[in-house]
Amino acid sequence: MLAHTDPKQWIAYVIIAVILSSVLALRVKRMAQSRPLRLDRLWILPLAYLVIAGAVFYFAPLGPLGWALSGAALVLGALLGWQRGRLMRIDVDPATQTLRQRASPAAMLFLLLLVAVRFGARGMVAAGAPLHLSALAVTDMLVAFALGLLVMQRVEMFLRARRLLGSARAGIA
């Protein structure tokens, strides 16, 4: 399949690979650093993305198959988001009772897997994938998937961090 690819497409693949490698190198470097985790701010990103997703679905309404597939993508994203949230390391500083978070190497591998699946899905659509989905339907499914992923990752992190903080405070009292 790739043997008959246009040379311009190969250049695009190389550029994408360089950009992805650069971004991943920066992420791996930042992954080792512990950052503050603010429970009161975990809802901001999912809410912003919910507004974006709502606008996408409102301005480009789906048919029954599109809704069903987007719903399935939302559920799959939620399941994977919960798992990704579990992969995030959360610690409570015993002295200050503040929360810290750090991404684990498994979380980075998880992201790499998601990027690979996305490229695979893109290739399937370009090659006339099963169900003969339009690019708009695939985009809607990816939006729903990302919404489920973001929301449930943050929900899992919030619940676990609140539980860890409660246990740490109970240990001091």
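Residues numbered from 1 in each chain as written. Predicted model: local features only at pLDDT ≥ 70, side-chain atom pairs only at ≥ 80, totals over all residues. Heavy atoms only, no water.

A. Structural detail: the overall build of the protein. Helix and strand content of the protein: five helices and three strands. For the protein, the α and β elements follow one another from N to C terminus as α-β-α-α-β-β-α-α. Evaluated residue by residue, the protein yields a buried proportion of 28% over its 173 residues. Taking as baseline every contact in the protein between residues at least 6 positions apart, the subset at least 24 positions apart corresponds to 80%. (Helix = DSSP H or I, 4+ residues; strand = E, 2+ residues; numbered from the N terminus. Buried < 20%, exposed > 50% of the residue type's maximum accessible area, 1.4 Å probe, protein only. Contact = heavy atoms within 4.5 Å.)

B. Inspection of the nonpolar core at higher detail. Listed in full, the 12 residues of the largest apolar core are M31, L37, L39, L42, M88, I90, V92, L99, A103, M157, A161 and L165. Elements that contribute at least two residues to this core include exactly β2 (89-92) and α5 (135-172). The leading source of residues in this core is α5, at three residues. Those residues in contact with V92, other than ones at most four positions away along the chain, are Q97, T98, L99, L164, L165 and A168. Core analysis: the second largest hydrophobic core is formed by 11 residues, F57, A144, A146 and L150 among them. (Core = buried A, V, L, I, M, F, W, Y, C linked by side-chain atoms within 4.5 Å.)

C. Layout of empty space enclosed by the protein. Per the stated rule, a full pass over the model turns up one cavity of 30 Å³ or more. Volume-wise, the largest cavity comes out at about 40 Å³. R27, R30, M31, Q33, R35, R102 and A103 are the residues that line the largest cavity. It is helix α1 (residues 7-31) that provides the largest number of residues to the lining of the largest cavity, a total of three residues. (1 Å grid on protein atoms, 1.4 Å probe; cavity = no way out; pocket = protein on both sides within 12 Å on 5 of 7 lines; lining within 4 Å. Points joined across faces, edges and corners; volume = space filled by probe spheres on them.)

D. Structural detail: helix α3 (residues 64-87). With 24 residues, α3 extends 35 Å from end C-alpha to end C-alpha; this agrees with the ideal 34 Å at 1.5 Å per step. For α3, the set of buried residues is G66, L69, S70, A73, G77, G81, R84 and G85. (Expected span 1.5 Å × (residues − 1).)

E. Layout of the pairing of β2. Side-chain alternation along β2 places I90 and V92 on a buried face and R89 and D91 on a face that remains uncovered. When β2 meets strand β3 (residues 99-102), the two strands line up antiparallel, connected through four bridges. Considered in β3, the bridge of R89 is made with R102. Connecting β2 to the antiparallel partner β3 that follows it, the hairpin turn spans six residues, and Q97 within it adopts a positive phi of roughly 60°. (Pairing = 2+ DSSP bridges.)

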